[in-house]
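In case you want the letters, here they are:
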Amino acid sequence: MFKQSLTAIAAVLAVSAVPVTASAQSFLESTGLGDIDPWGVGTISRADGALPLTMWEGSTTEDLLPLFARLNPRGLTPTMNTFLRRVLLSPSRAPEGAGADQLLAQRMRLIWSLGELEAYEEIARQLPDADGILSAREARIEMQFLRGNLASACSNVRASTEANAYLYAARAGCFALEGNYSSANLALELAAELGTPDPWITTAIGAMQTMPAEPTERDIERLPAASFASGLTTALSLAGNFPVRDESFQGLNPGFAREISGRNDISRALRIQMADVATFAGLMTTQERSSAYRLEPVPAPPLPVAGEAPAETEETDAPDINAPVNALDEALQLAADRGTEEADLVVAIRRALAQSGSNTVHFSENARLLLPVMTRLRDLDALDQNGEYFAIAAFAAGDQRQATRFQRVSEIEGGPEPDLFLKAWVDGLRVLSGTDRSPASARLASTQLAQAASGDGQTAAAAELLYSLLMVDGVLSHEARDFLSGSAGDTLSEGDQLDIQTQILLTSGLRGGSTGEGLLRLVSALGRRPDTYAPEDIVDVIELLRATGYTTEARALAVEALGFHQIRN
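This write-up is about the structure you can find in this document. (Residues numbered from 1 in each chain as written. Predicted model: local features only at pLDDT ≥ 70, side-chain atom pairs only at ≥ 80, totals over all residues. Heavy atoms only, no water.)

Overview of the overall build of the chain
Put simply, the rule is: Put simply, DSSP H or I for four residues or longer makes a helix, DSSP E for two residues or longer makes a strand, and each gets a number counted from the N terminus. A 1.4 Å probe rolled over the protein chains alone gives each residue an accessible area, and that area as a share of the maximum for its type sets the label: buried under 20%, exposed over 50%, partly exposed in between. Whether two residues are in contact is decided by their heavy atoms, any of which lying within 4.5 Å being enough. Values of accessible area rely on a 1.4 Å probe in the Shrake-Rupley scheme; residue burial ignores everything except the protein chains shown.
Scanning the chain from terminus to terminus reveals 30 helices and zero strands. Every one of the 569 residues in the chain was classed for burial, and the buried ones make up 49%. A sequence separation of at least 24 residues applies to 71% of the contacts in the chain between residues at least 6 apart. Roughly 27000 Å² of accessible area belongs to the chain as shown, and the carbon and sulfur atoms make up 50% of that amount.

Overview of the packing of helix 21 (residues 387-397) against helix 23 (residues 420-433)
Our working definition: Only the stretch in contact is used when a helix axis is fitted, and all axes are lines through C-alpha atoms; the angle between N-to-C directions ranges over 0 to 180 degrees. In what follows, roughly perpendicular refers to angles from 65 to 115 degrees, roughly parallel to angles under 35, roughly antiparallel to angles over 145, and oblique to any angle outside these ranges. Crossings are assigned a handedness: left-handed for a near helix turned anticlockwise from the far helix by less than a right angle, right-handed for a clockwise turn. Any residue that is not Ala, Val, Leu, Ile, Met, Phe, Trp, Tyr, Cys, Pro, Asp, Glu, Lys or Arg is counted as polar, Gly included; the first ten are nonpolar and the last four charged.
Running from amino to carboxyl end, helix 21 crosses helix 23 at an angle of 15°, the nearest separation of the two axes being 9 Å. One way to sum up the angle between helix 21 and helix 23 is to call them roughly parallel. Considering the relative orientation of helix 21 and helix 23, their crossing is left-handed. On helix 23, the residues that touch E388, A391, I392 and F395 of helix 21 are L422, K423, W425, V426, L429, R430 and S433. Classifying every residue of the contact of helix 21 with helix 23 gives seven nonpolar, one polar and three charged.

Notes on the pattern of salt bridges
Let me state the cut-off plainly: Here, a salt bridge means any side-chain nitrogen of Lys or Arg that lies within 4 Å of a carboxyl oxygen of Asp or Glu.
Counted according to the given criterion, the structure contains 17 salt bridges. R85 is paired through a salt bridge with E116; the nearest N and O atoms lie 2.5 Å apart. Here R85 is found in helix 4 (residues 78-89), whereas its partner E116 is found in the loop between helix 5 (100-113) and helix 6 (117-125), with 31 residues between them in sequence. Across the pair, E116 and R85 agree in class, each one buried.

Description of the nonpolar core
The tendency in soluble globular proteins is for nonpolar side chains to be buried side by side. So the rule is basically this: Residues enter a nonpolar core if they are buried and are Ala, Val, Leu, Ile, Met, Phe, Trp, Tyr or Cys, with the set joined through side-chain atoms within 4.5 Å.
One finds F390, W425, L526 and F564 to be the most contacted residues of the largest nonpolar core, which totals 170 residues. A per-element tally of this core places helix 21 first, with nine residues. The contacts of F564, once residues within four sequence positions are left out, are T360, F363, S364, I392, F395, A396, W425, L429 and V559.

Description of a negative patch on the surface
Rules: Exposure above 30% relative accessible area and no salt bridge define the residues that can form patches, which grow by joining like charges within 9 Å and nonpolar side chains of Val, Leu, Ile, Met, Phe, Trp and Tyr within 5 Å. Working convention for charge: Lys and Arg count positive, Asp and Glu count negative, and His plus the chain ends are omitted. Here the site of a charge means atom NZ of a Lys, CZ of an Arg, CG of an Asp or CD of a Glu.
Side chains of E341, D344, D379, D381 and D384 sit close together on the surface and give a patch of like negative charge. One can find D344 in helix 18 (residues 342-354). Here D344 falls in the partly exposed class, since its relative accessible area comes to 45%.

Some points on the packing of aromatic side chains
Note the following rule: Note on ring pairs: Phe, Tyr and Trp rings are taken, using the six-membered ring of Trp, and paired if centres are within 6.5 Å. Classes follow the plane angle, with under 30 degrees stacked, over 60 edge-to-face and the rest tilted. Charge-over-ring placement is defined geometrically: NZ (Lys) or CZ (Arg) within 6 Å of the ring centre, and within 35 degrees of the ring normal.
Counted by the stated rule, this structure contains 14 aromatic pairs. Aromatic side chains W112 and F256 sit 5.9 Å apart centroid to centroid with 80° between the ring planes, which places their arrangement in the edge-to-face category. One end of the pair, W112, is in helix 5; the other, F256, is in helix 14 (residues 254-261), and 144 residues separate them in sequence. Assessed through its relative accessible area of 3%, F256 is described here as buried. Between Y389 and F390, the aromatic rings sit 6.3 Å apart at their centres with planes inclined by 40°, giving tilted as the arrangement. Just as Y389 is buried, F390 falls in that class too. Each residue in the set F363, Y389, F390, F395, F406 and F564 is aromatic and connected to the rest through ring pairs, giving one cluster. Just above the ring of Y389 sits the side chain of R350; from NZ or CZ to the centre is 4.1 Å. Positioned above the aromatic ring of F406 is the side chain of R405, whose terminal nitrogen or guanidinium carbon lies 4.6 Å from the ring centre.

As for the side chain of R271
Take R271: it is sitting in helix 15 (residues 268-280). According to the relative accessible area criterion, R271 is buried, its value standing at 2%. Each residue touching R271, except ones within four places of it in the same chain, is listed here: S261, I266, S291, A292, R294 and E296.

Focus: the environment of Y168
Along the polypeptide, Y168 turns up in helix 9 (residues 165-177). Measuring from C-alpha to C-alpha, the distance between Y168 and V157 comes to 8.5 Å, with 11 residues separating the pair along the chain.

Considering unusual backbone geometry
Most peptide bonds take the trans configuration, and most residues that are not glycine carry a negative phi. Even without a glycine there, the phi angle at N241 is positive, about 55°. With respect to the helices and strands, N241 occurs in the loop between helix 13 (231-239) and helix 14. Backbone geometry at D384 places phi at a positive 50°, although glycine is not the residue there. Along the chain, the position of D384 falls in the loop between helix 20 (380-383) and helix 21. Its relative accessible area of 42% is what places D384 among the partly exposed residues.

Brief notes about helix 23
To be explicit about the condition: To estimate the expected span of a helix, count its residues, drop one, and scale the result by 1.5 Å. Pairs of N or O atoms within 3.5 Å make up the polar contacts considered here, provided that, within protein, one atom can donate a hydrogen while the other can accept it, and that residues adjacent in sequence are counted only when both atoms are side-chain atoms.
Compared with the 20 Å implied by 1.5 Å per residue over 14 residues, the 20 Å span of helix 23 between its first and last C-alpha is a close match. Summarising burial for helix 23: 11 of the 14 residues are buried, a large majority. Buried within helix 23 we find F421, L422, K423, A424, W425, V426, G428, L429, R430, V431 and L432. The inward-facing, buried residues of helix 23 abut helix 21, helix 22 (400-407), helix 24 (439-452), helix 25 (455-473) and helix 30 (551-561). Taking the backbone nitrogen of F421 as reference, a side-chain oxygen 3.2 Å away marks D419 as the first, capping residue of helix 23. Taken from the residues just after helix 23, G434 is the one with a positive phi, measuring 95°.

Digging into the packing of helix 23 against helix 24
With their axes 8 Å apart at the nearest point, helix 23 and helix 24 run at an angle of 145° to one another. Crossing geometry of helix 23 relative to helix 24 is assigned as left-handed. Here L420, F421, A424, W425, D427, G428 and V431 of helix 23 lie close against helix 24, whose contacting residues are S441, A442, A445, Q448, L449 and A452. A breakdown of the residues in the contact of helix 23 with helix 24 according to their chemical character gives nine nonpolar, three polar and one charged.

Below, the structure written as structure tokens:
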């Protein structure tokens, strides 16, 4: 045992005890964030949407620190997600005031939380080491763990000359992956002396160490739930075959999800779940997500030996590797089955879209994945009353030709009865989004919306769309103006209110040149659910964006704020 301990100590120290010369030590001590301008480091150019170098002009670190600290990039609408990325990834001049180090750490935290892992590494590589900032080496190690490149990750861990809690925990993980638990436990002790490593790592390594060669069902039940909180925990989770439970996805970084979804050593279900998270965060294309939903090849039964009777196939409890993971997967698999009745496919598509709930991002991304299936629908009886709803889905997916086709289903002889409100709703969405810029279209759509709206829900929805349309394009029909100036206009003040302080800071930031601060305050206020705010406040923000040069973004926000897919026939 004593010899084993000496061996373990030697193994741990061998990868960390690197001498530092006096001159090098002096260089490390004299180098700080003040020697360079870390805010001048970015990963996007003006052609890619970078903001002006002066975007923090007029802003102070004292004002920005609490703003940065309360920002959470998860669940943002596409428009707000894009604004936040542009602010964080643009090079700029540093804000004025004390606390620049803390503010830079918050900037890097947000870039990492957005899932922009490679952008983070690129920026961190150009910065000196600083407290509270994951180094470029550590970011690279994390990505290697996530991608399953364990040999490269552990090689980088052992080559590191740094000594901190993360790197010693990573050494412990590498030792555990090799089955060297004595060295793993010693590395964990050293990690605990330098900081507070994730306690899950200690639990996981202990579970791996005590797991019998042939575990029973009870042994497996005692395993900790898989953790995808970091690249290291992901590597241990997958190597230890830890069960994936709901808590495994809590706080999942979408960048981690993207990397994990690309691995070939995970189940189809996990691949799909990870791809969904990455897609909803804007980190995965529809084509990439479609690939994640691919079916796995089913192993063929063994061929009979010549001269012997074929063996009887035994029923097993083995899970179906292609069992539908969710309603979307079920619809896609039905579409791939040539024997599926179109009426059943229509029901499955509608169910998959409806499961998006109130989340416009989920609805739009699911619609994009279902669009190739929807384009094949031709049976009018099967389509029933879903034409206009599928037109909304096609609009969300960005295919205006298909949206028009579904709108006109009711015009075909023998087609279903038209839903005049939903038809007008889709036309209004086209005008508001800028897809159709014709003043004649705006007048026609606004007339039809005003005439077709009935009931409180449709009246409020029509009023919001028409009011946004008026402020964005300035074109409404006489009937629509009468509709808005009547009782329907009273609904424009219903919803959450933007407090006056937020409105003042937004306006002064965007109009006064403090573009970065203004956009961050906008993301903080409206980032997740702009559809819950009063239309009159949303329109004020839209006007502000248009006045300061963000016309395209203003239109996109106007559409997002409608919660446009929640309209039902």
